[in-house]
Each structure stands twice: as C-alpha cells, then as structure tokens.
Amino acid sequence: MKTRPRPDTATRRPVSSIGLARGNGSRAAGLAIALAALSGAVAASILIGAHPVSAAQVYTAFTDPTGSDTDRIVLHLRAPRTAVGLLAGLALGAAGTLVQAITRNPLGGPDILGVNAGAALTVVLAIAALDLVSFHGYVWFAFVGAAAAGVVVYAVGSLGQGGATPVKLALAGAAVTAMLGAVTSAVTLLDLTTLNEFRFWSVGSLGAADSAIAAGLLPFIAAGLVIAVALTRSMNALALGDTLASGLGARPHLVRGLGGAAAVLLAGAATAAAGPIGFVGLMAPHAARALVGADYRWILVWSAVIAATLLLAADVLARIMVRPEELQVGVVTALVGAPCFLYLIRRHTLVRL
Amino acid sequence: MAVHKTGPVRGDRYQVLPPDVRAVRAGGAALLLHVRALVLVCLFSAAALAAGVVSLGMGDYPVPLGEVVLALAGGGDPISAHVVTEMRLPRVASGAGVGAAFALAGAVFQRVVRNPLVSPDVIGINAGASAGAVLAITVLGGSTMFTVAGALIGAFASAALCYLVAYQGGVSGYRLVLVGIGVTALSSALTSYLLTRAELHDAQRASIWLTGSLANRSWSHAGVIAGALLVSVPVAVILARRLRLLELGDDMARTLGIGPDGARSALLGSGVVLAALATAAAGPIAFVALVAPQIVRRLLNESTAGLAASAACGAMLTVAADLAARSLFAPIELPVGVLTAVAGAPFLLVLLARANRIGRSG
C-alpha cells in the first residue's frame, strides 16, 4: 500500500517506495555484492575461532583429510556450524519476509510474533518428556509449537477494530513470548540434565550444531524456500490490499495460509536447530526493503542473503568477543537488533505495509 | 471523633464524597477513609500472613504451625525458633516486601500513564535493574551496596531510555510498551553478555537470581526492601491525592494548583526506585507489578487510587507464589519468578484481548 506523503514529511521517502537500487540491473549487481559478502561471512565462520586455521588447511581438510586435529575441527565443528548458521539465516530472513508480507505488518517477524519461542518450548518439552534426541525426532514438535504460538498471537492481536495492527500484534507477541519463555525455563529448571543442555540453546546458539543437524535442516529449509519463492508474486498483490489482490487474481486466504505454513516451516526448523534467535528475521526484510524497494521477488532473495550474512557474522563476533569463552549468537543479534527495533518503532511511518 | 456518612450534614455544608468513602474527623484534621479499600487491605494482608505462616513451617525441617506461631512470639523450642526466625522469616519478609514494592510501583505507573499495560516489568525497568545488578555482581563483586546501586542505576537508565525513545511530542502508553519490549531485549542481551564474561561461580549465583528467587534471603535483603518502602511509600502516599487530579487532564490539574509534570515525575521516580530495589533484593519477579493493581482495580471503584490495597495484594501474591513454587514440585524448588511469569503472562494476554476488543489499543 502506497502511503500518501504527509505534508511535513514530504521530503522523507515513504516506507514502501523505491529503494536505493532502482533498476533491475543494479539490484542484480547489488545481489552479487551481497552474495560476495555472504561468502566472506562463510569463510570467516570457517576460519575464525578459538583454534585459528588457515585457508590452505581448510582446503586439505576437505580434499585430503588425514584425521589431524585441524581436519577434525574443520570437518566436524566449523563446517557443520557454518552450514547450520547459513541455513538458519536463510530461513529466518525468508520467514521474516513472509510474515511481514502476509500480516502486512512492519513489526512482523517470527521472533516478535512468538513463533520462535513457541518452537523452543515444544522442543524442550519433547526432549525433557519424551527423551527425543535426534533432530528428526523433535523438529516436528517445533513446527507444532511455532504454528500454535503464531495462531494465538494473531488471534489475540486481530481482535477488535482495525484488525491486526502492528502495535497489537507486537504486544500480543511479547505477552506470548514471555509466557512461553517462563514455561521453558520452568521445564529446564525442573530437569537438571536438560538445563545443562539448554542453557545456551535457549538464547540461540550455533555451538551445538553438528552435521546431522545440518543434514536434517536442509530439506525443511529447501521446501520452505520453494513455497516462499512461489508466493512472491501473490505477496506483491497482497501488498495492495485484499480487495485489489482478489481483483488481480490472487486468493488472499490461500496466500496467507500457504505463506503462514512456509513461515512456520522455516522458523520452526531454524529454531529447532539453533534455538530462538531474535531480531534477524525482523531486521533483514527491512534492510532488504530499504535497498531494493517494495517488490517481494527481490525482497525475499535479498532478505534471505542479508539474514544469513548477519547471522554468520554475529556468530563469528560471538566467538571472538569474549575469548576464551563463547557468547551465544542470540545475544549478539539482540544487542544489534534491539536498537534497530527501537528505531523502527520510533520512525514516523509506522504504518501498515 | 465523629464518622460521617456521605450526604448533607451540619446544615448547609455538603460533603461531596464518593459512595465508599467516609471522612474521619479528629479535632481540626480530617482523614478520608476508603472503606472498601480498607477491607481489601485487611483481607489481602490476612491472606499474606496465612501463606507466610504456612511457608515458615515448611522445609527440610518441618515446624508445626503452633510452633511457628510460638517462635514468632519469641518462645517455643529454641531449634524451631532459630529455624523459623533466622532462616525462614527473612525469606517470607523479603517476599512480602518485594511483592508490595513491585505492586506499588505497578500501581503508580499504571495510574500515571493511564494504561493497564505500563508496569515496570513490561516496559523494561526490571530488566534494566537486572542488567545493572549483574554488572555490579560480576565486576564489582556484588556486596549488597553495589548490587543496590547497580540496580538503581540500571533501572533509571532504562527508564530514561524508554522515555527518550518513546517521546514524540508526548508519550503514548502503547508506544512506551513497544519501546519497553525493545529495551527489555537489549538489557537481557547485555545481561547474558555479562554472565558469559563472569566467573562461573558468580554466573551461577546471578543466573538463579535472574529468574527472581527468594531462596537464601537474609535480613540484609529484607533490609534493602524495607528501606525502599520507607523512602518511597511516603512519596507515593503524599502524591496519591494528586493522582486523581492528574487524571482529570493536565489543564484541569494546573487549574487546581498542581504542576502536572512535577507530580508525574516524582510519582514515576518513586515507582522506579521501588522496582529497582525490589529487583535488587529478589531479582526480577515477573508480572506482580502488572497483575496486583489490576486485581485491585477490578475490586474497587475507578476513582480510588488503591495504592495500599495494591501493595497488600502484591505481598499476598508473592508470598503465595513462593509457597506454591516451593511445594508444587517438591523436593525441587522453582524460583518464584518462574511461577509468577507462568501465571501472570496469560493475565497480560487477557488484558490485551480486552483492550483490543473495546478498541482502546493502537
């Protein structure tokens, strides 16, 4: 929805106007730069850590592994960790875009709407009560929790006049997140063995990632991304409002349903693998929108790439900020993301997308 | 001393008092008594006392109720007396004090900002106080003095941050709440960062404290909270009458001789102090500040400030929640903050749903 520029803000760019990169050529060129940045983040994530390795060592580890310490660090610690970070980042960026598109809400994000917290709670419950230890075992619970939390938040937030306004949704999300977080900590405190395992996971950490998790994550993320890409044109139509979207041949309810399912798939799987990581899914679509404008075909790709870069960069930072200890990546994303969230709230144009 | 009912008295003098209010006169002074509020205070205090006595008897060394009462009166078996008064009473006393302080802070905030969601736990003041206190614990070693100072500084810093970010030609309640969510996230990330940097021993201590726990309270914690109440309650009581005038609107308040900004800042300041010191004494016990004033508000008529009743209700809620947290999953003791959060968050959700349905929110 185009916002009419207010007289006093006529010089400001409206929310959904054209971004910095205006032509498709510059958007594609920019995407190449963004992909280069992502590759840089991937490289940094493999090279940097408590035990620094050189590029040559990484090369030998992949081509001619001898079983040395360095090889094992690269193959069994750094590479899976980077893969999970990459996949979770792509997933969160795409999920944030989907949520913002289907709720038409600038504060939409899987974290703000309590989806991540819901997934986290059900995963903890599944592990504590049913002793499920494999990613394939508990990821289904993550989907259930994510979907349930999202539905509750949306239901409460859309009560009353004006439907689901950004403020109402964000408040309902915060309340649900608080409750789910409290139950999660109650469960972990009651069961000391899970406490140890989840102390770091529950703030969002890539530290426990292994290749089984990375392999388990891949199909879900791929499926979610495929649905998201298929929906981009309908999301563009939806941005014009339901009536106009129907007129253009999109079916709003179907798009919302599919988009919501894809968001649950992406955010749920990412949370099951890496814990509830905040603010990445909220920030990335906004950054993408500022760069490439209001076309969701571009926003989705850019947002996924930006989110993955952010997450990997945050993870690298988390490794080096408190040497020799390690910070959880969720802490770093919150430190960076919370000020962005405050900026979004403060911005004059907190209107519906 | 004479108690007057509402209505015309003494010839042509009329008392314009709300239905539940009696004026008690003694000599030249008059005191307004809110009968329902008084009844509520008594009921809540009695319930808090009952829960407290049960809590005093419970534990690894069970003490029968009769012995508890005897010990409180200063007699009884010396071992029981020691267990009750030296080991368990500080916990119950700090629980009651902390609950009262949180509830009072919440009542002040909700009344001043006129939004049921604006309480110190929702808008990030407790989280700020926690970050400050954890900084003090991990960097300066965490004597009571440092913890209290850290909590105060953190609370005022996050209150100032909330206000500055939310201020856009006035502060709307809902923007304040949204900003509070962001500030909370920021403060808790800072807290986690500090915990990771800390020595393992300090980190363990701090992380239990962070969920809001009354375990291992000593008289020094009870002292902190007593000090907070001593400083802030008089301020709140003196300014409580202005609350009602403030609610008439700034212009009307000015006409009636009150500087609205000054009164508001003083009230909010006392609220921040209460929340900060309560957090320093027992950690950020969630949602007591949100829930207690709301319960009281539903039981009293709208025009009554209900500060005393809120405080009593908060004390009751906290002591009862602590009792439940200790006994529900015995022998494991949950921190009381977990229980209040699990029970309080649905309440917040219901409040939100109500506010949404009657169309008062953003």
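Residues numbered from 1 in each chain as written. Chains lettered and ligands numbered in written order. Predicted model: local features only at pLDDT ≥ 70, side-chain atom pairs only at ≥ 80, totals over all residues. Heavy atoms only, no water.

## Digging into the overall build of chain A
Helix and strand counts for chain A come out as 13 helices and zero strands. Taken from N to C terminus, the helices and strands of chain A fall in the order α-α-α-α-α-α-α-α-α-α-α-α-α. Split by element, the accessible area of chain A, about 14,300 Å² in all, is 68% carbon and sulfur. (Helix = DSSP H or I, 4+ residues; strand = E, 2+ residues; numbered from the N terminus. Areas by Shrake-Rupley, 256 points an atom, 1.4 Å probe, with all protein chains shown as cover.)

## Some remarks on the overall build of chain B
Within chain B, the regular secondary structure consists of 13 helices and five strands. By the burial criterion, 53% of the 362 residues in chain B qualify as buried. Summed over its atoms, the accessible surface of chain B is roughly 15,700 Å², and 67% of this surface lies on carbon and sulfur atoms. (Buried < 20%, exposed > 50% of the residue type's maximum accessible area, 1.4 Å probe, protein only.)

## Observations regarding the packing of aromatic side chains
All names here are of chain A. In total, this model carries four aromatic pairs over all chains according to the counting rule given. Where Trp 140 meets Phe 143, the ring centres are 5.7 Å apart and the plane angle is 80 degrees; that geometry is what we call edge-to-face. Here Trp 140 and its partner Phe 143 are both found in helix H5 (residues 135-157), three residues apart, which amounts to about one turn of the helix. Ring geometry for Trp 140 and Phe 220: centres 5.3 Å apart, planes at 85 degrees, overall edge-to-face. In this pair, Trp 140 sits in helix H5 while Phe 220 sits in helix H8 (residues 211-238), placing the two residues 80 residues apart along the sequence. (Phe/Tyr/Trp six-rings, centres within 6.5 Å; stacked < 30°, edge-to-face > 60°.)

## Observations concerning the interface of chain A and chain B
Contacts between the two partners involve 41 residues from chain A, matched on the other side by 41 residues from chain B. Buried area between chain A and chain B, summed over both chains or domains, comes out near 3,400 Å², and the portion from carbon and sulfur atoms is 80%. Taken together, the connections running from chain A to chain B amount to zero residue pairs in polar contact (both at pLDDT 80 or more). Listing elements by their share of the side of chain A that touches chain B, those giving two or more residues are H5, helix H6 (166-190) and helix H13 (329-346) of chain A. Looking at the side of chain A that touches chain B, the element that brings in the most residues is H6 of chain A, giving 16 residues. In terms of residue class, the side of chain A that touches chain B is made up of 31 nonpolar, six polar and four charged. (Contact = heavy atoms within 4.5 Å. Buried area = accessible area lost by both parts, 1.4 Å probe. Polar contact = N/O pair within 3.5 Å; in protein donor to acceptor, adjacent residues only side chain to side chain. Nonpolar A, V, L, I, M, F, W, Y, C, P; charged D, E, K, R; others polar.)

## Looking at helix H10 (residues 252-274) of chain A
Since there are 3.6 residues in each turn of an α-helix, residues three or four apart along the chain are aligned in direction. Counted at 1.5 Å a residue, the expected span for H10 of chain A with its 23 residues is 33 Å, and the 32 Å between its end C-alpha atoms agrees. Of the residues one or two after H10 of chain A, Gly 275 of chain A is the one with positive phi, at around 85 degrees. (Expected span 1.5 Å × (residues − 1).)

## As for the nonpolar core
Ranked by internal contacts, the top residues of the largest apolar core, which has 193 residues, are Phe 135 and Phe 279 of chain A. The greatest single-element share of this core, amounting to 14 residues, is contributed by helix H12 (residues 296-321) of chain A. For Phe 279 of chain A, the contacting residues outside a window of four places in its chain are Asp 111, Ile 112, Thr 333, Ala 334, Gly 337, Ala 338 and Phe 341 of chain A together with Ala 185 of chain B. Formed by twelve residues, the second largest nonpolar core is a distinct cluster that contains Ala 48, Ala 103, Leu 300 and Ala 312 of chain B. (Core = buried A, V, L, I, M, F, W, Y, C linked by side-chain atoms within 4.5 Å.)

## Notes on the environment of Ala 129 of chain B
All names here are of chain B. Here Ala 129 shows up in helix H4 (residues 125-140). Distance from Ala 129 to Ala 275, taken between C-alpha atoms, is 8.1 Å for residues 146 residues apart in sequence. Among residues more than four places away in sequence, those in contact with Ala 129 are Gly 150, Ala 151, Gly 154, Ala 155, Ala 276 and Thr 279.

## Considering the pattern of salt bridges
Enumeration according to the criterion identifies nine salt bridges over all chains in this entry. As a salt-bridge pair, Arg 81 of chain A and Asp 315 of chain A come within 2.9 Å of each other at their nearest N and O atoms. Within this pair, whereas Arg 81 of chain A is found in helix H3 (residues 69-103), its partner Asp 315 of chain A is found in helix H12, the two being separated by 234 residues in sequence. We classify Arg 81 of chain A as buried; its relative accessible area is 9%. The shortest N-O distance in the salt bridge between Asp 322 of chain B and Arg 91 of chain B comes to 2.8 Å. With Asp 322 of chain B in helix H12 (residues 307-327) and Arg 91 of chain B in helix H3 (residues 78-113), this pair connects stretches of sequence that are 231 residues apart. Of the two residues, Asp 322 of chain B and Arg 91 of chain B, neither departs from the other in class, the shared state being buried. Residues participating in the shared-partner salt-bridge network are Arg 91, Asp 322, Arg 326 and Glu 333 of chain B. (Salt bridge = Lys/Arg side-chain N within 4 Å of Asp/Glu carboxyl O.)

## Points about unusual backbone geometry
Of note, Phe 279 of chain A is a non-glycine position whose phi angle comes to about 70 degrees, a positive value. Mapped onto the fold, Phe 279 of chain A is located in the loop between H10 and helix H11 (280-292). Taking relative accessible area as the criterion, Phe 279 of chain A reaches 9% and is therefore assigned buried. With a phi close to 60 degrees, Arg 114 of chain B is a non-glycine residue in the positive phi region. Mapped onto the elements of the fold, Arg 114 of chain B is located in the loop between H3 and H4.

## Digging into the state of the cysteines
The tally for this structure, following the rule as stated, stands at zero disulfides over all chains. Cys 340 of chain A takes part in no disulfide bond, and the closest cysteine sulfur, belonging to Cys 162 of chain B, lies 17 Å away. Here Cys 313 of chain B stays unpaired: no disulfide links it, and the sulfur of Cys 42 of chain B, its closest cysteine neighbor, is 14 Å away. (Disulfide = S-S within 2.5 Å.)

## Topic: the side chain of His 286 of chain A
Among the secondary structure elements, His 286 of chain A is positioned in helix H11. Sequence-distant contacts of His 286 of chain A, defined by excluding residues within four places in its chain, comprise Gln 100, Pro 106, Leu 344 and Arg 347 of chain A.

## Some details on the packing of H3 of chain A against H11 of chain A
Residue and element names in this part refer to chain A. Between H3 and H11, whose axes approach to 7 Å, the crossing angle comes to 75 degrees. Relative to H11, H3 is oriented roughly perpendicular. Counted together, Leu 92, Gly 93, Gly 96, Thr 97 and Gln 100 of H3 and Val 280, Gly 281, Leu 282, Ala 284, Pro 285, His 286 and Arg 289 of H11 form the full contact between these two elements. When grouped by side-chain class, the residues that make up the contact of H3 with H11 number five nonpolar, six polar and one charged. (Axes fitted to C-alpha atoms, helices over the stretch in contact; angles between N-to-C directions. Parallel < 35°, antiparallel > 145°, perpendicular 65-115°, else oblique.)

## Focus on a nonpolar patch on the surface
All names here are of chain A. On the surface, a cluster of nonpolar side chains totalling about 270 Å² of accessible area is made up of Ile 48, Leu 317, Ile 320 and Met 321. The topology assignment puts Met 321 in helix H12. Taking the relative accessible area as the measure of exposure, Met 321 reaches 31% and is therefore partly exposed. (Patch = residues over 30% accessible without salt bridge, like charges linked within 9 Å, V, L, I, M, F, W, Y side chains within 5 Å.)

## Considering the confidence of the model for chain B
All names here are of chain B. Chain-level pLDDT for chain B is 81 on average; 90% of the residues reach the 70-or-more range. Within chain B, no element has a lower average pLDDT than strand S2 (residues 7-9), which sits at 48, and none a higher one than H12, at 91. For the stretch residues 4-12, pLDDT sits under 50, and the model shows 18 contacts to residues farther than four places along the chain or on other chains. Predicted complex metrics record ipTM = 0.77 and pTM = 0.82. (pLDDT = per-residue confidence, 0-100.)

## Considerations on the confidence of the model for chain A
Residue and element names in this part refer to chain A. When the pLDDT values of chain A are averaged, the result is 82; 89% of them are 70 or greater. Helix H7 (residues 192-201) is the least confidently modelled element of chain A, averaging 64 in pLDDT, while H12 averages 91, the highest of any element. Throughout residues 1-16 the model reports pLDDT below 50, and contacts reaching past four residues in sequence, or to other chains, amount to 22 contacts.

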